[in-house]
Amino acid sequence: MKRCIALACNGLGTTYPNPLVGSVVVYKGKVIGEGWHQRAGEPHAEVRAIASVRDKSLLGKSTLYVSLEPCSHFGKTPPCADLIIESGIPKVVIGTVDPFAKVAGRGIEKLRAAGCEVVVGVEEEACRELNKRFFTYHQRRRPYIILKWAETVDGFIAPADKECIAPVWITGSLARQYAHKLRAEEMAIAVGLNTVLKDNPSLTTRDWYGSNPLRVVLGEETQVPENYALHDDQAETLWVGHITAEQLCKVLYERGVQSLIVEGGRQVLQEFIDAGLWDEVLRFIGKPTFGAGVAAPILKEAVLKGVQHFEEDRLLRYKRKE
């Protein structure tokens, strides 16, 4: 199952709105086929894993492992449960049940009704973590929310005075490149109007390979000068006006957005924190000191899960306290 999870991670950022799924076929303790879901509308992990098995006669004596319950309905592709049954695979090991209403146990029922031995719940916590975006969207009816900011050693996210309309970099180039990698993995990125007016951000993945997220601005389009970056055609921009964090979650849910990075400014970040509308915080701490300025958000109900280093910068990862 750990191999299934590792394979599934290859699809991060490219499978939306579908989940991340990996699958392997095992015969007498040896992996004879494997695959992962790569893009929505393309073959699912189980299909790729079965197709990669050279000697199909071995399928009838093999076990298929998959990180998420096989689908049982016709979508853009045929049901994976049907293919597993048709292939004669006698045993299926599943990481976790699919929360999507059209599946939600039906794939397991179909396999068992056809005579397959089905084991559910292997490495379940890791499999749920793999699809934290997908699960949050379907179970909580909102995107998975990541709050991200960079602060100085003395706790400021912006200086007291700025002489130009551009970002003031707190972290180095390596940390900034990693931040663009994060953007490529999520469906949307949000900022407040003040951040747009003061920094003129692009909110793209220009320092990393991958698709640009949907750019979301908590403000009116008419308030932003026409020559600003968010008016370009590098990515779609959604102007939502001056709405609350709760209202934004509803808007994005209805648009099918499963994940959101909130990058600022301080007032917007604090609103999400105070409303309890966040799942993960990425807090970069750079080398500079400002002495005065805009203070970093005050984090509540958070548990530190890990620390990464990017040259002289640190990234502190937090999860919400359950």
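What counts and how
- Residues numbered from 1 in each chain as written.
- Predicted model: local features only at pLDDT ≥ 70, side-chain atom pairs only at ≥ 80, totals over all residues.
- Heavy atoms only, no water.
- UniProt positions renumbered as here; feature names shortened; annotations may be inferred.
- Helix = DSSP H or I, 4+ residues; strand = E, 2+ residues; numbered from the N terminus.
- Buried < 20%, exposed > 50% of the residue type's maximum accessible area, 1.4 Å probe, protein only.
- Contact = heavy atoms within 4.5 Å.
- Areas by Shrake-Rupley, 256 points an atom, 1.4 Å probe, with all protein chains shown as cover.
- Salt bridge = Lys/Arg side-chain N within 4 Å of Asp/Glu carboxyl O.
- Arc of directions from axis to C-beta.
- Core = buried A, V, L, I, M, F, W, Y, C linked by side-chain atoms within 4.5 Å.
- Pairing = 2+ DSSP bridges.
- Axes fitted to C-alpha atoms, helices over the stretch in contact; angles between N-to-C directions.

- By the naming in an unreviewed UniProt entry, the protein chain is Riboflavin biosynthesis protein RibD, taken from Capnocytophaga haemolytica.
- Looking at the protein chain in UniProt, the text filed under Function (unreviewed entry) is "Converts 2,5-diamino-6-(ribosylamino)-4(3h)-pyrimidinone 5'-phosphate into 5-amino-6-(ribosylamino)-2,4(1h,3h)-pyrimidinedione 5'-phosphate."

### So, the overall build of the protein chain
Now for step 1: Scanning the protein chain from N- to C-terminus turns up ten helices and 15 strands.
Now for step 2: Considering only C-alpha atoms, the protein chain reaches an extent of 70 × 40 × 35 Å along its principal axes.
Now for step 3: Expressed as a percentage of its 322 residues, the buried residues of the protein chain come to 49%.
Now for step 4: Across the protein chain, the fraction of contacts at a sequence separation of at least 24, relative to all contacts at a separation of at least 6, is 71%.
Now for step 5: Total accessible area computed for the protein chain in this model is approximately 15400 Å², and 49% of it derives from carbon and sulfur atoms.

### Some words on the pattern of salt bridges
Now for step 1: In total, this model carries 20 salt bridges according to the counting rule given.
Now for step 2: The salt bridge involving K110 is made with D82; its shortest N-O contact spans 3.0 Å. Pair noted here: K110 is in helix α4 (residues 106–113) and D82 is in helix α3 (residues 80–86), with a separation of 28 residues, a long-range link.
Now for step 3: You can call K110 partly exposed: its relative accessible area is 29%.
Now for step 4: Here the residues in one salt-bridge network are E129, K132, E280, R317 and K319, joined through shared partners.

### Structural notes on α4
Now for step 1: Turning to α4, its buried residues number three or more, namely G107, I108 and L111. End-on view of α4: buried residues confined to an arc of 100°, all on one side of the axis. Exposed positions of α4 whose direction lies more than 90 degrees from the buried face are E109 and A113.
Now for step 2: Buried residues belonging to α4 abut α3, β4 (91–96) and β5 (117–120).
Now for step 3: Looking at the residues trailing α4, positive phi occurs at G115, about 100°.

### Description of the nonpolar core
Now for step 1: Counting 29 residues, the largest nonpolar core has L147, V216, L248 and F272 as its most contacted members.
Now for step 2: Sorting the residues of this core by element identifies β6 (144–151), β8 (188–192), β9 (214–218), α9 (245–254), β11 (259–264), α10 (266–274), β12 (280–285) and β15 (313–320) as the ones contributing at least two each.
Now for step 3: In this view, L248 contacts A190, V216, L218, V240, I243, L260 and F272; residues no more than four positions away in its chain are not counted.
Now for step 4: One finds V25, V66, L68 and A81 within the second-largest nonpolar core, a separate group that totals 21 residues.

### Remarks on the sheet that holds β9
Now for step 1: If you walk across this open sheet you meet the eight strands as β10-β9-β8-β11-β6-β12-β15-β14, and the pairing is mixed. Strands at the two margins of the open sheet, each flanked by one partner only, are β10 (237–239) and β14 (302–310). Strand after strand, the sheet turns through a mean of 20° between neighbouring axes, direction not considered.
Now for step 2: Bridging between β8 and β9 involves five bridges; their strand directions are parallel.

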